[in-house]
Amino acid sequence: SQQGEEDPQALSIQEGENATMNCSYKTSINNLQWYRQNSGRGLVHLILIRSNEREKHSGRLRVTLDTSKKSSSLLITASRAADTASYFCGDRDDKIIFGKGTRLHILP
Amino acid sequence: NAGVTQTPKFQVLKTGQSMTLQCAQDMNHEYMSWYRQDPGMGLRLIHYSVGAGITDQGEVPNGYNVSRSTTEDFPLRLLSAAPSQTSVYFCASSYNRRTEAFFGQGTRLTVV
């Protein structure tokens, strides 16, 4: 398992706009997962995308995976105040190593 | 179904004291992990386990011990607490190496 690097480190957008954050790796990806953390609380799983998948949707979430670029992106459409949180990616095998995350702030 | 339960929620220790952070899950998950989270550092893996009797080191194992005598429990021991171990600690579990991880609500530890 390897550490992902999320980009950007912080992002502020107006409510209703779309938010995009990225995750990159140095080696091949196994099973990439995205998690959300509300302030001070445990992480909550959002979505998993396997190495043989290119895109996955869950409600307002859309995740893409580009294995040739060793990167993934998380798109949150029509953002809401409740989306304010930190978002982490992690490659999944026996363990998950997380990056430092993207702090998303939705402005009213 | 309680999920992943961590105790205590808050703890203050003096330098040199020892303590055990408890983690229990009731989902019959084989995989369990401990993380620490410091400001600006994200989550760093301390130790993990892929089943009862099996543990391995993560990114920052020094100063911490673990054991996994049962599937349900994965305690984290600090043998001699140091101020550098002041952090928020999270326990996580998952069914296998391909499934989502469930996290506890964290233990906020301060070492003075």
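Heads up: the structure comes first, above all this text.
Below or above, wherever it landed, is the structure these notes cover. (Residues numbered from 1 in each chain as written. Chains lettered and ligands numbered in written order. Predicted model: local features only at pLDDT ≥ 70, side-chain atom pairs only at ≥ 80, totals over all residues. Heavy atoms only, no water.)

1. Points about the interface of chain A and chain B
Alright, step 1. Contact with chain A, which involves 21 residues of that partner, is made by 22 residues of chain B.
Alright, step 2. Summed over both partners, the interface of chain A with chain B comes to about 1,800 Å²; 50% of that surface belongs to carbon and sulfur atoms.
Alright, step 3. Across the contact surface, chain A and chain B share one salt bridge.
Alright, step 4. As a salt-bridge pair, A:Asp94 and B:Arg97 come within 3.0 Å of each other at their nearest N and O atoms.
Alright, step 5. On inspection of chain A and its partner chain B, the count reaches ten residue pairs in polar contact (both at pLDDT 80 or more). (Contact = heavy atoms within 4.5 Å. Buried area = accessible area lost by both parts, 1.4 Å probe. Salt bridge = Lys/Arg side-chain N within 4 Å of Asp/Glu carboxyl O. Polar contact = N/O pair within 3.5 Å; in protein donor to acceptor, adjacent residues only side chain to side chain.)

2. Some details on empty space enclosed by the protein
Alright, step 1. Tallying each qualifying case throughout the model produces one cavity of 30 Å³ or more.
Alright, step 2. In this structure, the largest cavity occupies an estimated 80 Å³ of space.
Alright, step 3. As for the largest cavity, its lining consists of 14 residues, and the residues nearest its centre are A:Arg92, B:Tyr31, B:Met32, B:Ser33 and B:Ser94.
Alright, step 4. When contributions to the lining of the largest cavity are tallied by element, the ones reaching two or more residues are strand S4 (31–38), strand S5 (42–51) and strand S9 (87–94) of chain B.
Alright, step 5. Considering only residue class, the lining of the largest cavity consists of seven nonpolar, four polar and three charged. (1 Å grid on protein atoms, 1.4 Å probe; cavity = no way out; pocket = protein on both sides within 12 Å on 5 of 7 lines; lining within 4 Å. Points joined across faces, edges and corners; volume = space filled by probe spheres on them. Helix = DSSP H or I, 4+ residues; strand = E, 2+ residues; numbered from the N terminus. Nonpolar A, V, L, I, M, F, W, Y, C, P; charged D, E, K, R; others polar.)

3. Quick word on the side chain of A:Gln33
Alright, step 1. Its place among the elements puts A:Gln33 in strand S4 (residues 31–37).
Alright, step 2. Overall, A:Gln33 belongs to the buried group, its relative accessible area being 0%.
Alright, step 3. Side-chain polar atoms of A:Gln33 contact the side chain of A:Tyr35, separated by 2.3 Å.
Alright, step 4. When residues no more than four places from it in sequence are discounted, the contact partners of A:Gln33 are A:His45, A:Ile47, A:Leu48, A:Phe88, A:Cys89, A:Gly90, A:Arg92, A:Ile96, B:Arg98, B:Thr99, B:Glu100 and B:Ala101. (Buried < 20%, exposed > 50% of the residue type's maximum accessible area, 1.4 Å probe, protein only.)

4. A few points about the packing of aromatic side chains
Alright, step 1. For the structure on display, the rule yields seven aromatic pairs over all chains.
Alright, step 2. The interplanar angle of 35° and the centroid separation of 5.9 Å between the aromatic rings of B:Tyr35 and B:Phe103 together place this pair among those described as tilted. Placement of the pair is B:Tyr35 in strand S4 and B:Phe103 in strand S10 (residues 102–103), with a sequence separation of 68 residues.
Alright, step 3. Judged by its relative accessible area of 1%, B:Tyr35 falls in the buried class.
Alright, step 4. An aromatic cluster of three or more residues is present, and its members are A:Tyr35, A:Phe88, A:Phe98, B:Tyr35 and B:Phe103.
Alright, step 5. The cationic tip of B:Arg68 hangs over the ring face of B:Phe74; the distance from NZ or CZ to the ring centre is 6.0 Å. (Phe/Tyr/Trp six-rings, centres within 6.5 Å; stacked < 30°, edge-to-face > 60°. Lys NZ or Arg CZ within 6 Å of the ring centre and 35° of its normal.)

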